[in-house]
Amino acid sequence: MAMANNKNMVNPSNIVEGFNVLLKIYFSSEETKFLNKEFTAEFRSVLEDKYSLTFNTAADLPDESLNTEAIKFYIDKLITFSENNLTPDKSYSFLYKLGDVAISLGEHRAAYDIYTSLISRLRKSDGNESLLAYSMLALANINARQANFDSSIKQTRNCIKLFEAQNDHVGIAKSENLIGTIYAEQGKPRPAKSHFQKGLAVLDDKHDKDTSAMFEVNLGILYNITGKFDLSYTNFQRALVKYEELKNYQRVAEVRHNLGMVHLKKLQLDSALKEFDSSLSISLNHRFLPTLAITYISKGELYALADDLTLATAYADKGLSVSYDINDELTIADGYKIKGIIDRKKENYPSAENYLQSSLRINNQYENQLNYAESAFELGILYKIQENITSATEFLDVALEYFKKIGNKFETRRIKAILSELR
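Described below are features of the structure shown in this document.

Analysis parameters
Residues numbered from 1 in each chain as written. Predicted model: local features only at pLDDT ≥ 70, side-chain atom pairs only at ≥ 80, totals over all residues. Heavy atoms only, no water. Helix = DSSP H or I, 4+ residues; strand = E, 2+ residues; numbered from the N terminus. Buried < 20%, exposed > 50% of the residue type's maximum accessible area, 1.4 Å probe, protein only. Contact = heavy atoms within 4.5 Å. Areas by Shrake-Rupley, 256 points an atom, 1.4 Å probe, with all protein chains shown as cover. Phe/Tyr/Trp six-rings, centres within 6.5 Å; stacked < 30°, edge-to-face > 60°. Expected span 1.5 Å × (residues − 1). Salt bridge = Lys/Arg side-chain N within 4 Å of Asp/Glu carboxyl O. Arc of directions from axis to C-beta. Axes fitted to C-alpha atoms, helices over the stretch in contact; angles between N-to-C directions. Parallel < 35°, antiparallel > 145°, perpendicular 65-115°, else oblique. Left-handed = near helix turned anticlockwise from the far one by under 90°. Nonpolar A, V, L, I, M, F, W, Y, C, P; charged D, E, K, R; others polar.

**Side note on the overall build of the chain**
Piece 1. For the chain, the helix and strand inventory stands at 20 helices and 2 strands.
Piece 2. Looking at the chain residue by residue over its 423 residues, the buried ones come to 57%.
Piece 3. Contacts in the chain between residues far apart in sequence, at least 24 positions, make up 61% of those at least 6 positions apart.
Piece 4. Accessible surface for the chain amounts to roughly 18,000 Å². Of this, 48% is attributable to carbon and sulfur atoms.

**Digging into unusual backbone geometry**
Piece 1. Positive phi, normally seen in glycine, also occurs at Lys247, with a value near 55°.
Piece 2. Checked against the element boundaries, Lys247 lands in the loop between helix H11 (229-246) and helix H12 (249-265).

**Let's talk about the packing of aromatic side chains**
Piece 1. Under the defined criterion, the tally for this structure stands at 12 aromatic pairs.
Piece 2. Taken together, a centroid distance of 5.3 Å and an interplanar angle of 50° make the contact between Phe27 and Phe81 tilted. Taken together, the positions of Phe27 in the loop between helix H1 (15-26) and helix H2 (29-51) and Phe81 in helix H3 (residues 68-85) put the pair 54 residues apart, joining distant regions of the chain. Per residue, the accessibility class of Phe27 equals that of Phe81, and both read buried.
Piece 3. Between the aromatic rings of Phe229 and Phe410, the centroid separation amounts to 5.2 Å while the plane-to-plane angle is 80°, which identifies the pairing as edge-to-face. Of the two residues, Phe229 sits in helix H11 while Phe410 sits in helix H20 (residues 409-422), which places them 181 residues apart along the sequence.
Piece 4. In this structure Phe229 comes out as buried when scored by relative accessible area, which is 10%.

**What about H11?**
Piece 1. With 18 residues, H11 ought to run about 26 Å at 1.5 Å a step, and its terminal C-alpha atoms sit 26 Å apart, in line with that.
Piece 2. Every buried residue belonging to H11 is among Phe229, Ser232, Asn235, Phe236, Ala239, Leu240, Lys242 and Tyr243, and all of these are buried.
Piece 3. Next to the buried residues of H11 lie helix H10 (209-225), H12 and H20.
Piece 4. Immediately beyond the C-terminal end of H11, within one or two residues, lies Lys247, with a positive phi of roughly 55°.

**Here we look at the pattern of salt bridges**
Piece 1. A complete count under the given rule lists 18 salt bridges for this structure.
Piece 2. Put simply, Lys339 and Asp317 hold a salt bridge, and the shortest N to O gap is 2.8 Å. Remark: Asp317 occurs in helix H15 (residues 309-326) and Lys339 occurs in helix H16 (residues 329-345); sequence separation between them is 22 residues.
Piece 3. Of the residues examined, Lys339 reaches a relative accessible area of 12% and is grouped as buried.
Piece 4. With a relative accessible area of 36%, Asp317 lands in the partly exposed category.

**Some thoughts on the environment of Ser28**
Piece 1. Examined against the element boundaries, Ser28 turns out to sit in the loop between H1 and H2.
Piece 2. Residues Ser28 and Asn85, spaced 57 residues apart in sequence, show a C-alpha to C-alpha distance of 9.9 Å.

**A look at H20**
Piece 1. The end-to-end C-alpha separation of H20 is 20 Å, in line with the 20 Å expected for 14 residues at 1.5 Å each.
Piece 2. Of the residues making up H20, those classed as buried are Glu411, Thr412, Ile415, Ile418, Leu419 and Leu422. Buried residues in H20, looked at end-on, bunch into an arc of 135°, giving them a common side. Structural note: H20 exposes Lys409, Arg413 and Glu421 on the side pointing more than 90 degrees away from its buried face.
Piece 3. Along its buried surface, H20 packs onto H12, helix H18 (369-385) and helix H19 (389-405).

**Quick look at the packing of helix H14 (residues 289-305) against H16**
Piece 1. Two numbers describe how H14 lies on H16: the axes approach to 10 Å, and their chain directions differ by 20°. Judged on the interaxial angle alone, H16 and H14 are roughly parallel. With respect to the hand of their crossing, H14 and H16 are arranged in left-handed fashion. Residue-level contacts link Ala293, Ile294, Ile297, Gly300, Glu301, Ala304 and Leu305 of H14 to Thr331, Asp334, Gly335, Ile338, Ile341, Ile342 and Lys345 of H16.
Piece 2. Taken together, the residues that form the contact of H14 with H16 break down as 8 nonpolar, 3 polar and 3 charged.

**Some words on the packing of helix H4 (residues 88-104) against helix H6 (residues 129-145)**
Piece 1. Two elements in contact, H4 and H6, have axes separated by 11 Å at closest approach and are oriented at 20°. By the angle between their directions, the pair H4 and H6 is classed as roughly parallel. In this structure, the crossing between H4 and H6 has a hand that is left-handed. Of the residues in H6, those in contact with Tyr92, Ser93, Tyr96 and Ile103 of H4 are Leu131, Tyr134, Ser135, Ala138, Asn141, Ile142 and Arg145.
Piece 2. For the contact of H4 with H6, a count of residues per class yields 7 nonpolar, 3 polar and 1 charged.

If you want it as structure tokens, here you go:
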């Protein structure tokens, strides 16, 4: 599921729009004119030569998807231009927002480079403690998105100390949210809920609509993980109303995806498909790659449940392709799980086993207990079909133990029913 991590972001419809919004805010009309004419022409030339892209002259965009390496080239140019043409403080602010745009578009490597450079510069300056703290939090967020959880939690705890020193309640709340998000991604709902509650307590009556929606999304995810689907649906709907009012399209896409997952768990496939398609439409229009990747894979899962294995394979492969591009290891593990289910249904058992074992390995590496349990369940079903009762029981027991631990009665009943057939 797509966890919410609140940041005051520029929300571009596409990458060029995102850059151009920042240019208009931070540069003079003459500088902007120069960039749009000379700079963009250079960028287009590089893309055309290196990637054989053709351009739609009306939209000034390539007909194919922009390659991540080409985007990084443009970002590097923007960083250098900002350092040479803006005052230090204005350049710092520009880089912070540029990192926001890069994250929203799933360009995590570029965003990491931006914030690493910015933090290094801020440490050498005076009077920028708040921006330093938020830049460190942004870097922690990138690490979390790439499943570097231990590093992210350590960085975020340091951010909390900085925000406490500045009496910044919103910064503290966002930090607690990130830690809670990490625990939720790892399938640890109890500590996740504790950190979300800490964040809400710190906010008191100071929270705004965006921040409250963020916590509603994350609590909705926790309820879904523990099988409390009605509570999950209610929280997601509350968040959706707020995000639509704010025109925060990235969060709308994420919530639509999460609503689809609730319907999918309840086997309401038509309703799930409607939400997934809504999420995909927004993510494609705005190039929200992380949400695009997981929603493609979830749509693959939906078609696998409907036994349309051709569409299931197509969507799972699409999701994995995007996940590889943005280095999203946990979504890759999810994709392998779905590919394993598809191959199991095709009776291609060696391939199914390989995919599911790969999913287990990645989830174990990144300590994602929830996804590990889900993949263990699917592997247990595979061994049950193959009449390997010992292995089937072993992996189903692993899944059962986890879902019992988090209090998910829905999954617990389902697994116990299957185990009773084996014993």
